[in-house]
Amino acid sequence: MGATETSSPPFRSFAGHEKQSLLLTLDFAAPTTTNFHKVKLGDTQFAELPPNSKLTGTAPYHSYGQMTESQFPGWKDLARILAVSSFCSSAVIETVSEHCDFPRLAIKGVLFLEADENQQESAERIRKEAEFYGQHLREFQGKFVPKHYGLWHAPTSQWGGEVLIAVMEWGGMELGAFLRHKPKSATLAIRLRIVEALDELHDHGIYHTKIGKGQERHILCDPDGTSFRFVDFSDAVTGHDCRRMLPVRTFMSYPSQWKFGCPEAYCARECMLLFEAAVLHKDDVEKKLAFVKMQQFLDQGMSRKEALSAVGNLIDHWRTIPDIQTNRALHLALERKFNANAGLGSRH
Ligand SMILES: [Zn+2]
């Protein structure tokens, strides 16, 4: 958390605009093309869009779902009816052919900046998030965090008032839907990669704060399972000292959160279904041993990263031993039987 959090001015008093501008047409919602100017945000740097980009976006969607043309009364009426006028859209660049392979974009925006305090608060969150991207997530952008192309502002427009948008790389579908509807793409391999990526953010001190059960919308996955992106860093903080005690592996049971050592890294594993069975807070022998080894390695002066990697290697080795494999299979079979008898699902 920086000093900017309490001292920053409301959005509209920002210094002004950079030279760059872009043209945006949002399907039926604002059929006339609107010129947006890039917002000056101190020395925060963003990824670059091609010069004079012309973007065509989908119809807007809101927290309650996609709009159809017949439901859309115009921005002004919409704001009056719903008392909310933030929106999202996904867009493509329609400019010259050399940029035709430019990635699909996501736009999130806020309307009526000049008139509405709630909207100014939303804009402030978008600004804070943009700064976080520029200052702390640069090396992860395009890898497992979307590229951020900055904030863009239309001072007056046919959208009914001032509009602020954030232009970012499009990330894909929400994790919940991905796990439910794309079981072939949601392989163990990608689930492990997602957890590894979150661990990497933690190792850089970045704590997202909104990853876990019920917050699956903050992880987006490409429908074919080739890439994923963490999104919504509006409450993210830096300075996290990750104390997780287990490497990224599947486990037969849930470790205790307290022993595991990092709530968010734990929740990520839970979301990705890395804990296979439902006995809570009861460590199987393998996991007990992993905790003991981890502590030993740390006590010997290894860095946490080295210790986690060494414990991961040990676990991989244990799992090649036939007796342990038989034990694991037996344990899981007993557990399933117990849960079936007790009328429990496979999860608590
Ligand atoms: Zn952590």
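Residues numbered from 1 in each chain as written. Predicted model: local features only at pLDDT ≥ 70, side-chain atom pairs only at ≥ 80, totals over all residues. Heavy atoms only, no water.

An unreviewed UniProt entry lists the protein under the name Protein kinase domain-containing protein, with Lentinula lateritia as the source organism.

Colleague: Outline the pattern of salt bridges, supporting the account with residue identities and numerical values.
Modeller: When charged atoms on two side chains of opposite charge get close, those side chains can pair. Taken as a whole and assessed by the stated rule, the structure comprises 14 salt bridges. Note that arginine 229 is salt-bridged to glutamate 169, the shortest N-O span being 3.0 Å. Linking arginine 229 in strand E12 (residues 228-230) with glutamate 169 in strand E9 (residues 163-169), this pair joins segments that are 60 residues apart in sequence. When sorted by exposure, arginine 229 lands in the same class as glutamate 169, which is buried. The network of salt bridges with common partners includes Arg125, Lys210, Asp232 and Asp235. (Salt bridge = Lys/Arg side-chain N within 4 Å of Asp/Glu carboxyl O. Helix = DSSP H or I, 4+ residues; strand = E, 2+ residues; numbered from the N terminus. Buried < 20%, exposed > 50% of the residue type's maximum accessible area, 1.4 Å probe, protein only.)

Colleague: An account of the coordination of the zinc ion is requested, with residue identities and associated values reported.
Modeller: Within the first shell, the zinc ion binds the protein through His202 (ND1), His240 (NE2), Cys242 (SG) and Cys262 (SG), at distances of 2.1 to 2.3 Å. In this structure, the zinc ion is surrounded by four donor atoms whose angles at the metal cover 96 to 115 degrees, and the resulting shape is tetrahedral. On the primary sequence, the residues serving as donors to the zinc ion are separated as H-x37-H-x1-C-x19-C. (Donors = N, O, S within 2.8 Å, 3.2 Å for Na, K, Ca; no water. Tetrahedral: all angles 85-135°; square planar, octahedral: opposite > 155°, others 65-115°.)

Colleague: Please provide a residue-by-residue account of the packing of helix H8 (residues 285-299) against helix H9 (residues 304-318), values included.
Modeller: In a packed pair of helices, the relevant descriptors are the angle between the two axes and the axis-to-axis distance. At a closest axis distance of 9 Å, the pairing of H8 and H9 adopts a crossing angle of 145 degrees. When the axes of H8 and H9 are compared, the crossing they make is right-handed. Contact with H8, carried on its side by Glu286, Leu289, Ala290, Lys293, Met294, Phe297 and Leu298, involves Arg304, Ala307, Leu308, Ala310, Val311, Leu314, Ile315 and Trp318 of H9 and no other residues of that element. Grouping the amino acids of the contact of H8 with H9 by side-chain chemistry returns 12 nonpolar, no polar and three charged. (Axes fitted to C-alpha atoms, helices over the stretch in contact; angles between N-to-C directions. Left-handed = near helix turned anticlockwise from the far one by under 90°. Contact = heavy atoms within 4.5 Å. Nonpolar A, V, L, I, M, F, W, Y, C, P; charged D, E, K, R; others polar.)

Colleague: So, the nonpolar core: which residues are in play, and what are the values?
Modeller: Ranked by size, the top nonpolar core spans 28 residues in total, and within it Leu137, Ile194, Leu201, Phe230 and Phe233 carry the most contacts. Broken down by secondary-structure element, the contributors of at least two residues to this core are helix H3 (117-136), helix H4 (175-181), helix H5 (188-203), strand E11 (219-221) and E12. A total of six residues in this core trace back to one element, the largest contributor, which is H5. Each of domain 1 (4-169) and domain 2 (173-341) accounts for three or more of the residues forming this core. (Core = buried A, V, L, I, M, F, W, Y, C linked by side-chain atoms within 4.5 Å. Domains from an automatic or database assignment.)

Colleague: Talk me through the packing of aromatic side chains; I want residue IDs and the actual numbers.
Modeller: Enumeration over the complete set of coordinates arrives at nine aromatic pairs. Their ring planes at 15 degrees and their centres at 6.2 Å tell us that phenylalanine 132 and phenylalanine 233 sit as a pair that is stacked. One end of the pair, phenylalanine 132, is in helix H3; the other, phenylalanine 233, is in the loop between E12 and helix H6 (257-260), with 101 residues separating them in the sequence. On the basis of relative accessible area, phenylalanine 233 is assigned to the buried category, the value being 1%. With 5.6 Å between their ring centres and 75 degrees between their planes, phenylalanine 260 and tyrosine 266 make a pair best called edge-to-face. Owing to a relative accessible area of 0%, phenylalanine 260 belongs among the buried residues under this scheme. Overall, the relative accessible area of 3% leaves tyrosine 266 in the buried class. Among the aromatic side chains, those forming a connected cluster through ring pairs are Phe140, Phe144, Phe228 and Phe230. Over the ring of tryptophan 170 we find arginine 104; its NZ or CZ atom is 3.9 Å from the centre of that ring. In this structure, arginine 319 packs its charged tip against the face of phenylalanine 251, placed 5.8 Å from the ring centre. (Phe/Tyr/Trp six-rings, centres within 6.5 Å; stacked < 30°, edge-to-face > 60°. Lys NZ or Arg CZ within 6 Å of the ring centre and 35° of its normal.)

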